[in-house]
Structure formats: C-alpha cells, structure tokens
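Spelled out from the first residue to the last, the chains are:
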Amino acid sequence: MRDNTLKYLLVLPAVVVVFATAIWPLIEAARLSFTVGRLNRPGSLEQYLGWENYTWAFLEEPAFWNSVWVTAVYTILTVGLTTIMALGLALLLAPGGRLRSSAQTLLILPFAMSPALIGVSFRFMFNPEFGLFDAFFGVLIPPLADVSWLADPNLAFAVVVMADVWGWIPFLTLVLIGGLASVPRDTVEAAQVDGASGWRVFRDITLPQLGPVLAVVIILKSIFSLKTFDQVFMLTNGGPGTATQTLSHYIYFNGMKYGQIGYSAAVAWLMVIPMIFLTYAYAKFVFRKN
Amino acid sequence: MTGRQRKQFWRAVHAALILVAMFVMLVPIVWIFLAAFKTHVDVYQLKLFFTPTLENFGIVFDDPYRLGQKLFNSTIVALVTVVIAIPIATLAAYSFSRFSMRGETMMLVIILATQFVPAVVIILPFFVMFRDIGLLDTRVGLILVNLAIVMPFAIWMIKGFIDGIPMDTEEAAMVDGSSRLQVIRNIVLPMAAPGLLTSGIFCFIIAWNEFLFALILTNKEAVTLPIGLALFKGEEGDLWNLLSAAGIIIMAPMFVLALMIRKYFVQGMTMGAVR
C-alpha cells in the first residue's frame, strides 16, 4: 500500500474514536440545549424552544450567576495560589541535592490520588472534632478553634480551595523545576559576579526565561480549575447552600438531579466557550515547541 | 555572624523549608493511612498512637459494602480502556509523527481540545443515549466514555515517544524491501515499547481515578472504586476508618504505578507542551 493512503488509514480509527466520544457529544449537547429536554418527559428531547434555555440562565436564574461567580473566584484563587506556591517550592528545590530527589519522588503521589479521594481526605482533615488541620488552625489562629469549617460558607470555600491547591502544587512544581533547569547558568553566574542581588537575578533573568513554561502551566491549571467537580462533590457537595457550587456541579445538579437535560446542556455550552479560548492559547504553545 | 556562619544558617533554613513543604504535602495521605488501621473508636479521636488493626480491610470487602466488586469493575474498566486506546493511539501517533497530512495541525489541535472539554458536557448526551439503548450501569458503557478522556493523552504522549526515535533504521529497512507495516511492526513497535508501556500506565491511572462519568452512569452493577467511597456514610455520618481503608485500596496501587512512570509524568500531563 502506498504511504499516501496508509497515512490516512492509520489515523482513521483514532479520528473515529475522538469523533464519537468527544465531538458527537458536543454537537448533541448543543442540539439538546435548544430543546425542552426533560429526562422524565418522553418526546421533550425533540421539542425545540429556541434560545429559551440560554435566556433563562441569564435572566431568571440567580443560581446560575452564583455558580459563575463561585467558579471565577475559585479559578482565580487556585491558579494564583498554586502558581505562586509551586514557584516558591521549585526555587527551593532547584539547587538539587539529596532532599530534592526524595522530594521529587514524593511530589508524584498526589497525582496518583483520585481527586474524589482528595475531597474525602480534606473533609476528614477539617472535621471539627478530630480533623488534624482543624486542630492545627485552631492552635495557630485561636478564633478558628471552635468553628465548623464546612458549615460556614466562606470557610468551606477556603477548604475547597486548599484541597485544590494541595492537589495541584506537585504537578506545577515538577514542571517549573524542569523550566528552571533550562535557565542558562552562566548568565545567572555572570549577573551574580556583577553584584546583582538574588531578587534582581530572579526578576531580570530567571522569570523572563521561565515565561513560556509559566504561561503553559497557568493556562493548563485554569482549564482544570474551571472544570472542577470531583473534589467539590465529595468535600462539600456544593454547600453549605450553594457557597461552593461550581459550574460543573451546577450542571450536574440540574441535569441529573432535576432531570433538566436541555437547560443543563445550555449551561454546559456556555462553559465550553472560555475553554475554546484557553485551548487556542494552549495549542499555540504546543505547536511553537514542535 | 561570620560569612560562613551566615551561609550555614541559610542552608539550614532552606532545608527546613523544604521539609515543611514535604510535611504538608504528605500529612493528608499519611493521615488516611493511619486511620485505615484504627478501630472505629480510635478514629474519632485525634490520636497519633494507637493499637493498629486490620479489621477495616475485612469489613469493606464484606456485605453490604462489597468493595471487591468495585475493585473488579475499576480494574476491568481501566484495563480494557487502555487496551483499546493504546493500539489505536499508536497507529495515529506514528502517522502524525512520520508523515505530513492535509489538515494535520487541525486534527492535532482538535484532539488536544477534546481533553479540555468539561466532562460534564460530554456525559449529558451519553447518559440519554445509554438510557435508550440499555448501557446504563454497564462496564461497556463506562469503557466507551472513558476513551474520551484517555485518547488525547495517549496520542500526544506516544507521538512524543515516536518523535524521539531516529528514522534511519526505518529508512534502511524500507530500502531493503520491507513494507511500511512491517517496519512499524518489526522496528518501531519494539523501540517504542517502553514509551507505550509508560503511556498505558499513565492512561490507566487516569481511567482508574475517573469520577464524574462513573457517578452519572453507574448505580449498582458497574460502580467503580471512587464512587464506592460514597457508600461509607452511616446514619451518624462518615465511617472514617472504612473510608480510609477503601482510600488505601484506591490509591496504593496507583502510587506504585505513578512511581514507575515518574520521569514522564510532566510530559504526559502537558501533552508535549513541556518536556
């Protein structure tokens, strides 16, 4: 067989799978978003009502805007905190040595942990009676000694953010260690000989060199933060009230608990839009490399 | 302080900071490991020293929890997903790596993009379809949707490995009269084998830990381990000793697998954006 035909045949199965498992559901979700779409009402999945699901979300549903707000704050906080803390840790580990190699090995573990399990473990750690972190914060900040973290809207939000940051710091740290290793050593040494302070070396040499890697991890982390579901479901299930209800959780609840497939498909599509921009930005970095 | 003392001081601070960071990273994991060996009395106290017991591991496999069934489901679903995904991804990755095609960049971007589509979007139409054709609460259904999250990682990761294999041997074999398919089978596959194994393990971990699809699609027969965690809610709240024992069963095998592929972890997660 000629290579010219073969090359298309080789990608065909993969294209079929990707189409069936990702593209088709996207298109079908778009169609559903224009229907009445009630799970318990036969025929309503073919009953079209135009843009009504979308206008309903925008105009009639404070809970939708609440989840948009929660997701936005959550994304900004988790991306910012994870990036800053991972950068700090990467700088600590960059010089190498025995500690670094054992640290790097340990940093793999949270990736292997199911996000659902991370949610469970943080619910455990912040239990008001026997939670270790609860006790720790109680000693450190006395006003927090007797609070029930997951019962307070703001504190529950803080716990959800902490669980996310805890789970993602390792991955970002490992990426940034790799990025730091590619900062040319002679430039850094030359600057140090010239009497530049540690901070100036970091600001004027390390940070600009790290720029592209930093951009990649920030985009990637933003995508994962926007999608967050597992931990939230296990940790707070969106509560108390709707204080920690992310968009994914809101869609899940409307679609699966209330059976409003049409409406939740509309909200789901609203969520895809920021993803398209982020993916575009991410793809630019990937292809610049190749 | 003299210059040398100061240097030693900062070195100690540096090491201490790293140790504190490692401690914080490990505490939630260690705490689960400890709780799994505590009795249902000890687990409700903030105890560091206790008499360990193995009874929790027995209980979770017994009625009504029957974690063994979930363990079986998780293993089958993750394994079959990988066994389907890796060969398909390998063929595509080879083609993407060695040939230039019309619309190649477009295809690669779309494959990349599917990874970023929120899982909750993908699952809505699948739920409706599976309900109509009777695939709800089956392992087959779960495997089909799991392919959606695994494929993009597999293709991009394997492409990275094949890109790293020099083309000379292939070209020499072609000159000697081998066909392209023979070249793939006899030369590329053996050389890419470690990479394929790495990608397979990576995808296995992702499929094993998958939560949202299983939550929506299963309720009794095909329930996987992460969903099984929800079982351990008693009348008076969470049964932490049992939750922890189940937690160990979920994460311990993945720790072993993750350590095996730790060098490729970053490359896999970023799909080639960072090497």
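Residues numbered from 1 in each chain as written. Chains lettered and ligands numbered in written order. Predicted model: local features only at pLDDT ≥ 70, side-chain atom pairs only at ≥ 80, totals over all residues. Heavy atoms only, no water.

On to the packing of helix H3 (residues 62-93) of chain A against helix H1 (residues 3-35) of chain B, then. Contact geometry for H3 of chain A and H1 of chain B: axes closest at 10 Å, N-to-C directions at 130 degrees. When the interaxial angle is binned, H3 of chain A and H1 of chain B end up oblique. H1 of chain B is crossed by H3 of chain A, and the crossing has left-handed handedness. Residues Leu89, Leu92 and Leu93 of chain A of H3 of chain A lie in contact with H1 of chain B, whose contacting residues are His14, Leu17, Ile18, Ala21 and Met22 of chain B. When grouped by side-chain class, the residues that make up the contact of H3 of chain A with H1 of chain B number seven nonpolar, one polar and no charged. (Axes fitted to C-alpha atoms, helices over the stretch in contact; angles between N-to-C directions. Helix = DSSP H or I, 4+ residues; strand = E, 2+ residues; numbered from the N terminus. Parallel < 35°, antiparallel > 145°, perpendicular 65-115°, else oblique. Left-handed = near helix turned anticlockwise from the far one by under 90°. Contact = heavy atoms within 4.5 Å. Nonpolar A, V, L, I, M, F, W, Y, C, P; charged D, E, K, R; others polar.)

With that out of the way, let us pick up the nonpolar core. Most often, soluble globular proteins keep nonpolar side chains buried together rather than apart. One finds Leu176 and Tyr252 of chain A together with Phe96, Phe202, Phe232 and Phe265 of chain B to be the most contacted residues of the largest nonpolar core, which totals 201 residues. By residue number, the principal contributor to this core is helix H8 (residues 153-181) of chain A, which donates 17 residues. Counting residues domain by domain, this core receives three or more from each of domain 1 (3-55) and domain 2 (66-240 + 247-269) of chain B. In this structure, Phe96 of chain B is in contact with Val11 of chain A together with Met101, Glu104, Met107, Leu108, Ile111, Ile155 and Lys159 of chain B, ignoring residues within four places of it in sequence. In this structure, Val183, Ala191, Val201 and Ile205 of chain A belong to the second largest nonpolar core, which totals five residues. (Core = buried A, V, L, I, M, F, W, Y, C linked by side-chain atoms within 4.5 Å. Buried < 20%, exposed > 50% of the residue type's maximum accessible area, 1.4 Å probe, protein only. Domains from an automatic or database assignment.)

Looking now at the interface of chain A and chain B. If you look at the interface, chain A gives 89 residues, while chain B gives 95 residues. Summed over the three residues of chain A that lose the most area to chain B, namely Phe111, Phe124 and Phe130 of chain A, the buried surface amounts to 9% of that side. Applying the counting criterion to the chain A and chain B interface returns two salt bridges. A salt bridge links Arg180 of chain B to Asp3 of chain A; its shortest N-O distance comes to 2.7 Å. Remark: the boundary between chain A and chain B carries 11 residue pairs in polar contact (both at pLDDT 80 or more). The greatest single-element share of the side of chain A that touches chain B, amounting to 21 residues, is contributed by helix H1 (residues 3-32) of chain A. A per-class count over the side of chain A that touches chain B returns 72 nonpolar, 10 polar and seven charged. (Buried area = accessible area lost by both parts, 1.4 Å probe. Salt bridge = Lys/Arg side-chain N within 4 Å of Asp/Glu carboxyl O. Polar contact = N/O pair within 3.5 Å; in protein donor to acceptor, adjacent residues only side chain to side chain.)

Quick look at the side chain of Glu210 of chain B now. Relative to the helices and strands, Glu210 of chain B is located in the loop between helix H8 (180-209) and helix H9 (212-217). No salt bridge is formed by the buried Glu210 of chain B, whose closest oppositely charged neighbour, Lys227 of chain A, lies at an N-O distance of 10 Å. In this structure the side chain of Glu210 of chain B is engaged in a polar contact, spanning 2.7 Å, whose partner is the backbone nitrogen of Phe213 of chain B. Excluding anything up to four places from it in sequence, Glu210 of chain B contacts Asn146, Ile149 and Pro226 of chain B. (Lys, Arg positive; Asp, Glu negative; His and termini not counted.)

For the rest of this paragraph, the subject is a nonpolar patch on the surface. A surface patch of nonpolar side chains, amounting to about 370 Å² of accessible area, comprises Leu77, Leu81, Ile84 and Met85 of chain A. Mapped onto the elements, Leu77 of chain A comes out in helix H3. (Patch = residues over 30% accessible without salt bridge, like charges linked within 9 Å, V, L, I, M, F, W, Y side chains within 5 Å. Areas by Shrake-Rupley, 256 points an atom, 1.4 Å probe, with all protein chains shown as cover.)

Relative to the helices and strands, Asp238 of chain B resides in strand S2 (residues 237-238). There is a polar contact of 2.6 Å between the side chain of Asp238 of chain B and the side chain of Arg123 of chain A. Apart from the residues lying within four places of it in its own chain, the contact partners of Asp238 of chain B are Arg123 of chain A together with Tyr44, Phe232, Lys233 and Leu243 of chain B.

On to the confidence of the model for chain A. Mean pLDDT over chain A works out to 89, with 99% of the residues at or above the 70 mark. Per-element averaging of pLDDT across chain A places helix H9 (residues 185-193) of chain A at the bottom with 82 and H3 of chain A at the top with 95. (pLDDT = per-residue confidence, 0-100.)

Mean pLDDT over chain B stands at 89; residues scoring 70 or higher make up 97%. Per-residue pLDDT, averaged within each element of chain B, yields its smallest value for strand S1 (residues 233-234) of chain B (72) and its largest for helix H3 (residues 67-98) of chain B (95).

One can find Ala119 of chain B in helix H5 (residues 119-133). When sequence neighbours within four positions are dropped, the list of residues in contact with Ala119 of chain B reads Leu212 and Phe213 of chain B.

With that out of the way, let us pick up the packing of H8 of chain B against helix H11 (residues 240-260) of chain B. Residue and element names in this part refer to chain B. The N-to-C vectors of H8 and H11 enclose an angle of 160 degrees; their axes lie 10 Å apart at closest approach. By the criterion of interaxial angle, the relationship of H8 to H11 is roughly antiparallel. For the element pair H8 and H11, the recorded crossing hand is left-handed. Contact residues: Ile201, Phe204, Ile205, Trp208 and Asn209 in H8; Ile249, Ile250, Pro253, Met254, Leu257, Ala258 and Met260 in H11. Per-class residue counts for the contact of H8 with H11 are 11 nonpolar, one polar and no charged.

On to the pattern of salt bridges, then. Two side chains of opposite charge can pair, provided their charged atoms sit close to one another. Using the criterion set out here, one finds 12 salt bridges over all chains in the structure. A salt bridge links Glu46 of chain A to Arg31 of chain A, with the nearest nitrogen and oxygen atoms 3.9 Å apart. Highlighted residues: Glu46 of chain A in the loop between H1 and helix H2 (52-60) and Arg31 of chain A in helix H1, separated in sequence by 15 residues. When its relative accessible area of 52% is taken as the criterion, Glu46 of chain A is described as exposed. A relative accessible area of 24% means that Arg31 of chain A is categorised as partly exposed. Across the pair Glu170 of chain B and Arg98 of chain B runs a salt bridge whose closest N-O atoms are separated by 2.7 Å. In this pair, Glu170 of chain B is assigned in helix H7 (residues 168-175) and Arg98 of chain B in helix H3, connecting sequence segments 72 residues apart. In terms of burial, Glu170 of chain B and Arg98 of chain B fall into one category: buried. Overlapping salt bridges bring together Asp3 of chain A together with Arg98, Glu170 and Arg180 of chain B as one network.

Here we come to helix H4 (residues 104-116) of chain B. The first and last C-alpha atoms of H4 of chain B sit 19 Å apart over 13 residues, in line with the 18 Å expected at 1.5 Å per residue. Buried residues of H4 of chain B: Glu104, Met107, Leu108, Ile111, Leu112, Thr114, Gln115 and Phe116 of chain B, and no others. (Expected span 1.5 Å × (residues − 1).)

Residues and elements named next belong to chain B. The domains assigned to chain B are domain 1 (3-55) and domain 2 (66-240 + 247-269). The straight-line distance from the C-alpha centre of domain 1 to that of domain 2 is 34 Å. Counting residues at the interface gives seven residues for domain 1, matched by six residues for domain 2. Interface area, domain 1 with domain 2, both sides summed: about 550 Å², of which 84% is carbon and sulfur.

Further remarks concern H5 of chain B. Residues and elements named next belong to chain B. Taking 1.5 Å as the rise per residue, H5 with 15 residues should run 21 Å; its terminal C-alpha atoms sit 21 Å apart, in good agreement. Within H5, burial applies to Val120, Val121, Ile122, Ile123, Leu124, Pro125, Phe126, Phe127, Val128 and Phe130. At the exit of H5 stands Gly134, carrying a positive phi of roughly 75 degrees.

Moving on: the environment of Phe287 of chain A. Following the sequence through the fold, Phe287 of chain A ends up in helix H13 (residues 261-289). Taking the C-alpha atoms as reference points, Phe287 of chain A and Glu46 of chain A, 241 residues apart in sequence, are found 41 Å from one another. With residues near it in sequence (within four places) discarded, Phe287 of chain A still touches Thr105, Leu108, Val109 and Trp156 of chain B.

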